[in-house]
Amino acid sequence: MGTVLDEIVAGVREDLDLRRSRVPEAELRAALADAPAPRDPMPHLRGAGSSVIAEVKRKSPSKGALADIADPAALAQAYADGGAAAISVLTEQRRFGGSLDDLRAVRAAVDVPVLRKDFIVTEYQLLEARAAGADLALLIVASLPGDLLDRLHDTARELGLTVLVEVHDEAETERAVGLGAELIGVNARNLKTLAVDAATFGRLAPLIPDDRVKVAESGISGPEDVRRFVGEGARAVLVGEALVKDGAPSEAVAAMTGIER
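Since this is a predicted model, take the numbers as computed values, not measurements.

Trainee: How would you sum up the overall build of the protein? Please name residues and give values.
Mentor: For the protein, the helix and strand inventory stands at twelve helices and ten strands. Whereas a compact globule of 261 residues would reach a radius of gyration of roughly 18 Å, the protein reaches 17 Å, a difference of no more than 12%. In terms of overall dimensions, the protein has a C-alpha envelope of 50 × 40 × 35 Å along the principal axes. In the protein, the proportion of contacts linking residues at least 24 apart, taken out of those at least 6 apart, comes to 70%. Put simply, the protein shows about 10700 Å² of open surface, and 50% of that area lies on carbon and sulfur atoms. Treating the 31 positive side-chain charges of the protein as one cloud and the 42 negative ones as another, the clouds have centres 1 Å apart.

This is the structure:
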């Protein structure tokens, strides 16, 4: 029996085959010529105090429906107004209710860097991300065996994308560090079981060199959580659920931004 991650990736591959049949790779590559130049999030993420990567997220496999986001562009603008360093847009459809249309809408609305948050397992998805205007792409170590992680990381960098490499345990962290990833996200949620362990970041952060930017992901509900993760070495936090459910997203982002170690 497969893990939750296996099931999600299987669905992603099916949906990907459909999109690929509609938009050939050559067409995507041609569209890259019209894509805006990628924005570099690293200066902001390396800056003083905590940075927030704020997420446009409608639902999740663990929590179900989170928010009815009729206008992702307006939510993204609220995040930007609150000082978000980047905006993460979930584009996976089956489990998270997202789409590339959400990403395009957000890109058109804000000037801050935009992350394509998905289960990326092929080069085609990286081309989609750039063509839709993404500046960053997520690569999840747990879903990229063998040299696939290295190949996709290289391709993403060639396309001008900044890569957020996500890890969940010691072995994955070692792979991310060895890859030379400069932006490493530690997800407290185990994607194979969906269980959250708040101690994950504190356990894995010491394995990541200080010249990399460490991002804490999952289980962040407010400034107190951010303060704890900053104390454990985080330069940034990726927050979704707490922000989409908050009635004042700009203020919520602002309250989590600029927290010093």
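Trainee: Give me the lowdown on unusual backbone geometry, citing residues and values where you can.
Mentor: For leucine 194, which is not glycine, the phi torsion reads 75 degrees and is therefore positive. The residue leucine 194 is located in the loop between β8 (183-187) and α9 (200-204) in this model. Unusually for a residue other than glycine, serine 218 sits at a positive phi of about 75 degrees. Inspection of the secondary structure assignment puts serine 218 in the loop between β9 (213-217) and α10 (223-231).

Trainee: So what's going on with helix α6 (residues 123-131)? Residues and values would help.
Mentor: Owing to its 3.6 residues per turn, the α-helix aligns residues three or four sequence positions apart on the same side. Of all nine residues in α6, seven are buried, a share of seventy percent or more. Within α6 the residues assigned to the buried category are Tyr124, Gln125, Leu126, Leu127, Glu128, Ala129 and Arg130. Buried residues along α6 sit against α1 (4-22), α2 (25-31), α5 (100-109), β5 (114-117), β6 (136-140) and α7 (148-158). Downstream of α6 by one or two residues, glycine 133 has phi in the positive range, about 100 degrees.

Trainee: Can you explain the sheet that holds strand β10 (residues 236-239)? Please cite residues and give values.
Mentor: Around the barrel, eight strands lie side by side as β1-β4-β5-β6-β7-β8-β9-β10; this closed barrel has parallel pairing. Taking each pair of neighbouring strands and ignoring which way they run, the sheet shows an average axis angle of 25 degrees. Bridge count between β8 and β9: five bridges; the pairing is parallel. Residue leucine 183 lies in a different strand from β9, and its bridge partner there is valine 213. Sheet strands in contact with α5 are β1 (51-56), β4 (86-90) and β5, and its direction is about 175 degrees off that of β5. Against the sheet, α7 contacts β6 and β7 (162-167), and its axis sits at roughly 155 degrees relative to β7.

Trainee: Kindly report on the nonpolar core, identifying the contributing residues and their values.
Mentor: Counting residues in each nonpolar core, the largest one holds 86 residues, and the members touching the most others are Tyr79, Ile87, Phe119 and Leu243. Here this core takes six residues from α1, the largest share from any one element.

Trainee: I'd like a rundown of the pattern of salt bridges, residues and numbers included.
Mentor: Going through the model one piece at a time under the given rule, you end up with 21 salt bridges. Put simply, arginine 107 and aspartate 135 hold a salt bridge, and the shortest N to O gap is 2.5 Å. Separated by 28 residues along the polypeptide, arginine 107 in helix α5 and aspartate 135 in the loop between α6 and β6 bring together distant segments of the chain. Arginine 107 gets classed as buried once you look at its relative accessible area, which sits at 9%. Given a relative accessible area of 1%, aspartate 135 falls into the buried group. Put simply, aspartate 118 and arginine 116 hold a salt bridge, and the shortest N to O gap is 3.1 Å. Comparing aspartate 118 with arginine 116 shows no difference in burial state: the two are buried. In the salt-bridge network here, residues are joined through shared partners; they are Arg19, Arg116, Asp118 and Glu128.

Trainee: Would you mind going over the pairing of β9 in detail, with residue names and values included?
Mentor: Here is the key point about a regular strand: its side chains alternate between the two faces of the sheet. The buried count for β9 comes to five of five residues, which makes it a mostly enclosed element. Of the two faces of β9, the one carrying Val213, Val215 and Glu217 and the one carrying Lys214 and Ala216 are both buried. Sheet analysis places β9 next to β10, joined by three bridges and oriented parallel. When the sheet's bridge partners are listed, alanine 216 is paired in β10 with valine 237.

Trainee: Describe the environment of aspartate 169, and please don't skip the residues or the numbers.
Mentor: With respect to the element layout, aspartate 169 can be found in the loop between β7 and α8 (170-179). For aspartate 169, a relative accessible area of 28% puts it in the partly exposed group. Separated by 35 residues in the primary sequence, aspartate 169 and leucine 204 place their C-alpha atoms 7.0 Å from one another. Here alanine 171 takes part through its backbone nitrogen, which lies 3.3 Å from a polar atom of the side chain of aspartate 169.

What counts, and at which threshold
- Residues numbered from 1 in each chain as written.
- Predicted model: local features only at pLDDT ≥ 70, side-chain atom pairs only at ≥ 80, totals over all residues.
- Heavy atoms only, no water.
- Helix = DSSP H or I, 4+ residues; strand = E, 2+ residues; numbered from the N terminus.
- Rg over C-alpha atoms; globule rule 2.2 N^0.38 Å.
- Contact = heavy atoms within 4.5 Å.
- Areas by Shrake-Rupley, 256 points an atom, 1.4 Å probe, with all protein chains shown as cover.
- Lys, Arg positive; Asp, Glu negative; His and termini not counted.
- Charge placed at Lys NZ, Arg CZ, Asp CG, Glu CD.
- Buried < 20%, exposed > 50% of the residue type's maximum accessible area, 1.4 Å probe, protein only.
- Pairing = 2+ DSSP bridges.
- Axes fitted to C-alpha atoms, helices over the stretch in contact; angles between N-to-C directions.
- Core = buried A, V, L, I, M, F, W, Y, C linked by side-chain atoms within 4.5 Å.
- Salt bridge = Lys/Arg side-chain N within 4 Å of Asp/Glu carboxyl O.
- Polar contact = N/O pair within 3.5 Å; in protein donor to acceptor, adjacent residues only side chain to side chain.

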